[in-house]
Every structure is written in structure tokens, then in C-alpha cells.
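These are the residues of each chain, in order.
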Amino acid sequence: EDKVQARWRLAAVFALTLGTTGISVAFNFLGRDFYNALANKDQEQFMKQLLYYLGGFAGGIPVFVLRDYAKDTLSLRWRSWMTTYYMQRYLENRTFYKIQSQSTIDNPDQRIVDDLSAFTGTALAFSLTLFNAAIDLISFSNILFGIYPPLFVVLLVYSIGGTAISIFLGKELVNLNFLQEKKEADFRYGLVRVRENAESIAFYGGEENEMQMLVQRFRSAFQNLTRLLVSSRNLEFFTSGYRYLIQILPAAVVAPMYFSGKIEFGVINQSVSAFNHILGDVSLIVYQFQAISAFSAVIDRLGEFDDLLDNSSDNHLDSTEKICIVYSSVKTPSFTLLNTNGSMIGESSNKMVDLENLTLVTPENATLLLDLTLTIYEKEHLLVTGPSGSGKTSLLRAMAGLWTSGRGKITFYVKDSDDFQLNSKHESPEKSKSSRTRSSRGIFFLPQKPYMVLGTLQQQLLYPTWAETPTLDDAQQTGIPPFLLRQEDSDHVFRGPPKPTTEELVKVLQDVRLGYLLSRFGLDSTCEWSSILSLGEQQRLAFARLLLAKPCLILMDESTSALDEDNEAHLYRLIEDAGVTYVSIGHRRSLFDHHDKILHIMKMDPKSTERNWYVKPITQETGINLLELGS
């Protein structure tokens, strides 16, 4: 979307680079005439050439400055586009979740921030350097060859030998630079973890352990950097000598011609200038070897990341991942059905979720849940219980599309105008439809520890249903490229509920008993909410989000575990009064009062082929208790 302007900018950079080469050639001849006038003690000619020099400076310096400025702005624009491109791919199809859960690569954040910045800046700089070197080589080779052909031969032998020696001395630098990027990122990530988990570490008194871990990571970076510095030092011994020798080498070669009167003194200066230009062009590997090795490491890391993103977008998933998730629009009238215990469900009931022969397996092929078949109807609330590790959370992850290992089919009956099927082996049959989130289909997931976004209290409440998107007018006013402003395709934008007013935001905070936050902070305050708010306050804030979003179905993973029973009952009454169907994971006896039936999952016996679950209605007559569930 920015390629036309980018190409014009690139053409301008190359044009300015050609201009700088022309200016360098002109200065080469100016220098020759200037030093000839000086050697001949021709004051009039000397003053004339001096004025030419000053005029050349006045006209040439802006070209050099504008070239560098145009190069840097193009690099920034290129980095901006690549950053948005990589972030979009990183967040599509839950790739970020797969990378984190499977630990496929290290530090994707550093690859997006640091490696992309280094790649765009260095790639553009190297491209211009190569272009400039090619033009220089053509321009100055004629000058040097015309002065003294043997000097041109000396230059070629000198540059080829220097390149070969540099490659030999610096062959370890590529791998060492790659490792240094990784180890620095690991150390930085360790410090970020301390900041994010400061309270837990303080409660545990784990400062000494964290110190040891951080020192160990820094020590690893220190040891690798020490090896990198040693290799760089050995290379620098050679490159320094290589650079300094060329200051006298061309003069030494053409000096006999000057002494014999065949050339003037200014020609010596011209030959030195031309020699240095050409040698710089053909000795790029010698001069830039450390930068090239660091650039190579950046390319390796980005290439690794790019391949992973491509594989994720192509859905090259494990053969065991066969769980099929279907979103089916509700188009049929309500009907009469039997409950799992044989009781009649009212004629006004509609299906919300169908689980058909659902089996969940771990990546190691251990079965967690076997052949679960279950139907959840509108306003029929399900409580999922079972011992730790039995697969309760995995079931909710499967319903959310996060757990893909297993088989079976999950059908959500949503109030939507489009039928849509999402298969875990072929997620996103159409990119436009895959962008539809669960919340846009009226399905809301509440984890045990809510996610607190970086932003104001108002943004906490609006997440993830509404987002503030800047307009293109802002881009024109501030110079921000349009691709940095996220614009939704109007043909596929989900028209959700209207954005809540300030009065509605205040009311929902009061409804979940967080009204006191308004007097402490206000809706527009930006804080580190995950640190300031207790887990119980965060859970109540998550309930405020869903009350504003007005979903049809809520999947809750111990979402009230940090609340007292009074607040827990109050929140359940709020969502029940809102007419929302919900599925909860929990252990408290008090939760039975807010649910209609219970799904109990037992730990799977590896040798058994019988199902490890059962469903029972929750009624006053059954008197289900925790002891009975544990049997």
C-alpha cells in the first residue's frame, strides 16, 4: 500500500547517491589543480582554485546531507511497514500463542523490534554502498589507469589479498554475533520477568534466586561477548594496518614518475584520492566485515522467524490436530429436546453448543478426555469439575480454539448472518472470515487471571470488544504513514454493540462493586493495572467487560477463584440477570447454586477405554456434594 511512494523515495536516494559520486569526481580534479598551483607557487591560480573549492563545498555538502537524510527516512518508513507486516502475521491465527506455548523460537519481541530495525537500516545502507562502489569504481578506474596502469594492478592485488585474509580471520564472527543477540535478549527477558512478577517474588523472598538467574544469564552474554571481542581484535589488527598502509602506498608507487618529471605534484594527490576511492570500493568486505557478520546474524534470526510465521499461516500442524470447530448461524425455530437425564427441555430452548465425540490428547499422545458428547442449551448453565490435571481447562481451551490436539467436533450456534467453519487442521478458510473473533460472535472467555491491557481504566473496560482507531486525517496532520493506522475492511467489519457511554462505564463499575476506582483513578488514568489491582479486583473488572460486551455465551476458567462467596454470588446473579449462558470451571460448593448441570471429569486411566466423564443435573433433590464428585 506504500510501494509507489517508497519507490519514488528510493529513486531519490539513488539519484542523490549519483550526485555525491559526481561531486567526488569533481573534487578529485579540483584537488589536482589546487595542489599543482600550490607546487608551482602560482598565487593567482591558487586563489582561483581555492574559490572553486569553497564553492564546491557550498554546493556539495547539502547533497551529501540530503542523501543521508533521504536514506534514513526511507529506512524508517521501510522499518515501519515491515514492523506492521510482521506484527500482523504474529497476531494472526493465534501464532503468538503457538510460539509461546510450544517454545518454537526465542524472543520474538526482539526479532520484531531490534532485528527488523537493524535489517532495514543495514540492508539499505549496504545496497547504497554497493551502488556507490560500482559508480565510484567506474568513475575513478579511468582516472587511475590513465595516470599509471601498474598502480591499478597493485590496487587489485592488494584488495584481493586483503579480502581473503579478512574472511579467514573473521569467520567466527557470524555465529558469535548470532549467539550474542540471543543471549542479550535472554538477559533482558529475565529482567522483564522480575518486573512483571515483582509482588510474587517479594512474597516468596526470591531475590537471591532471581539474582543468581540474572547473573547466570549475564555471565553467558559476557562470555560470548568476550570471545566476540577477541575475534574482533584479531581482525582489527589486520584491518588497521590495511587502512594505514594505503596512505603511503599509492604515493610510493608513483613517486619515481614525479622525481623523473613525468607528472606534476598535483597528480600524486589525484592518484592517492583515486586509489583510496577504488580501494574502498573493492575492499568492502575488509572494511565492513564486522558489520556484515552482524547483519548475517540478523538475517538468520529474521529468516527463522519468517519461516515460522509462514508455516503457521499455511497451517502446517501436527497430524493429531483434528478437532473441528463450527460456527453455525441460528436460522431454525426453537424445538423440544430431551436433556441428558431424559427430562424435557422447554420448547423455547435453543442449542448453544454441541460437543460431539470430543477427545483431547496431549502433545505426547496421552488422552485427557475421551469421547465427550454433550449439548448445552440457551440459559442452561454448566459447571465443570474434576481433580487437578484431569483436563478441565484443556476442554475450555479446545472450545476456544486454543487446544487443537485430539478429535471430534464442536459446534457453536451463534446469532450470525454467515455460516462459518473453522477446522483446526485448516484454520481460516477465508482470511476475511478468520478475522472474526469469538467475542464478535457473542462468545466470551474469562481466564482465571484476567489480562490487563496497557492503557487507561476506560480501555480496560472496553477490551477486547472496542478499540480506539486513529483516522487517516491524523496521519496527514502528523506525517504518520497510513499503514501504521489500522483500518478495518468495511466489507467484513463486525457491527457489534454500540460503544458504551461514560455513564454506562460508571454504572458497570458500580455494578461489580468497583465504583471506588473512579475516585481513586478516574476513567482516563493510565497505570500498571496488573500491579495496582488485586487479583480479585481484576476478576471483577473482567466481569465488567463481559457485561458491557453482552455476549451470548461465556466460558469461565475459575474466574471467581480470588473472590469471596458474597462477591462471587453477586457477579453470577448479574450475568444470569443479563440472560447469558455460561460454562464454568470451579471447585467451590457455592457454585452449584448458580448452575443447572455438572460435568465431572476424572483422570484418565491409560489402560482404560471407558469414558472418564459423566453429566448430572444439579437439583435440590440430588444433593450433589464434593465428596460424591470425588468418588
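Within any chain, residue numbers begin from 1 and follow the written order of that chain's sequence. For a predicted model such as this one, the threshold for reporting local features is a pLDDT of at least 70, and the threshold for listing and counting side-chain atom pairs is 80 or more; totals across whole chains, interfaces and linings nevertheless cover every residue. Note that water and hydrogens are dropped before the side-chain values are worked out from all heavy atoms of the structure.

Labelled according to an unreviewed UniProt entry, the protein chain appears under the name Adenosinetriphosphatase, originating from Opuntia streptacantha. UniProt positions are given in the numbering used here, feature names are shortened, and annotations may be inferred rather than shown by experiment. The annotation that UniProt attaches to the protein chain under Sequence similarities (unreviewed entry) is "Belongs to the ABC transporter superfamily. ABCD family. Peroxisomal fatty acyl CoA transporter (TC 3.A.1.203) subfamily."

Peer 1: I'd love a proper account of the side chain of N177, names of residues and values included.
Peer 2: Tracing the chain through its elements places N177 in helix α6 (residues 173–196). The residues touching N177, leaving out its near neighbours within four places in the chain, are L228, Q290, S293, A294 and A297. Strands here mean DSSP runs of E at least two residues long; helices mean DSSP runs of H or I at least four residues long; both are numbered from the N terminus. Whether two residues are in contact is decided by their heavy atoms, any of which lying within 4.5 Å being enough.

Peer 1: How would you summarise the nonpolar core if you had to cite specific residues and measurements?
Peer 2: One recurring pattern in soluble globular proteins is that nonpolar side chains are buried together. With 39 residues, the main nonpolar core has L461 and I575 as its most contacted residues. Those elements that provide at least two residues to this core are β9 (443–446), α14 (457–462), α16 (502–511), α19 (535–549), β10 (553–557) and α20 (565–577). Among the elements that take part in this core, α19 stands out by supplying eight residues, more than any other. Here I575 is in contact with F543, L546, L547, I554, M556, V580 and Y582, once residues within four sequence places are set aside. One finds L355, I376, L553 and L555 within the second-largest nonpolar core, a separate group that totals 32 residues. In this text, buried Ala, Val, Leu, Ile, Met, Phe, Trp, Tyr and Cys residues form a nonpolar core when linked through side-chain atoms within 4.5 Å. Any residue under 20% of the maximum accessible area for its type is buried, any over 50% is exposed, and the rest in between are partly exposed; the area is computed with a 1.4 Å probe on protein chains only.

Peer 1: Tell me about the sheet that holds strand β6 (residues 382–385), and please be specific about residues and values.
Peer 2: Spatially, β9-β10-β11-β6-β12-β13 is the arrangement adopted by the six strands of the open sheet, whose pairing is mixed. Lying at the two open borders of the sheet, with one neighbouring strand each, are β9 and β13 (613–617). Within this sheet the neighbouring strands show an average axis-to-axis angle of 15°, counted without direction. Any two strands with at least two DSSP-identified bridges between them are counted as paired. Where β9 and β10 come together, four bridges link them in parallel fashion. Bridging from a neighbouring strand, F445 pairs with L555 of β10. α20 rests against β10 and β11 (581–585) of the sheet, and its axis sits at about 150° to β11. Axis angles are defined between N-to-C directions and span 0 to 180 degrees, where every axis is a line fitted to C-alpha atoms and, for a helix, only to the segment in contact.

Peer 1: Let's hear about the layout of surface pockets: which residues, and what values?
Peer 2: A pocket, in this scheme, is an open set of points on a 1 Å grid over the protein atoms alone with protein on both sides within 12 Å along at least 5 of 7 lines, while a cavity is a set where a 1.4 Å probe fits but cannot get out; residues line either one if an atom lies within 4 Å of a point. Grid points are joined across faces, edges and corners, and a volume is the space filled by probe spheres set on the points. Space inside the second largest pocket adds up to approximately 560 Å³. Secondary-structure elements contributing two or more residues to the lining of the second largest pocket are β4 (351–361), β7 (406–414), α16 and α19. Considering each element in turn, the lining of the second largest pocket owes the most residues, four residues, to α16. Charged means Asp, Glu, Lys or Arg here, nonpolar means Ala, Val, Leu, Ile, Met, Phe, Trp, Tyr, Cys or Pro, and polar covers whatever is left, Gly included. Taken together, the residues of the lining of the second largest pocket break down into 18 nonpolar, four polar and nine charged.

Peer 1: Talk me through the pairing of β11; I want residue IDs and the actual numbers.
Peer 2: With five of five residues buried, β11 lies mostly within the body of the structure. The alternating pattern of β11 places T581, V583 and I585 and Y582 and S584 on opposite faces, both of which are buried. Pairing geometry for β6 and β11, over three bridges, is parallel. Directly across from L383, in β11, lies its bridge partner S584. In the sheet, β10 pairs with β11 via five bridges, with the strands oriented parallel. Within β11, the residue paired with M556 across the bridge is S584.

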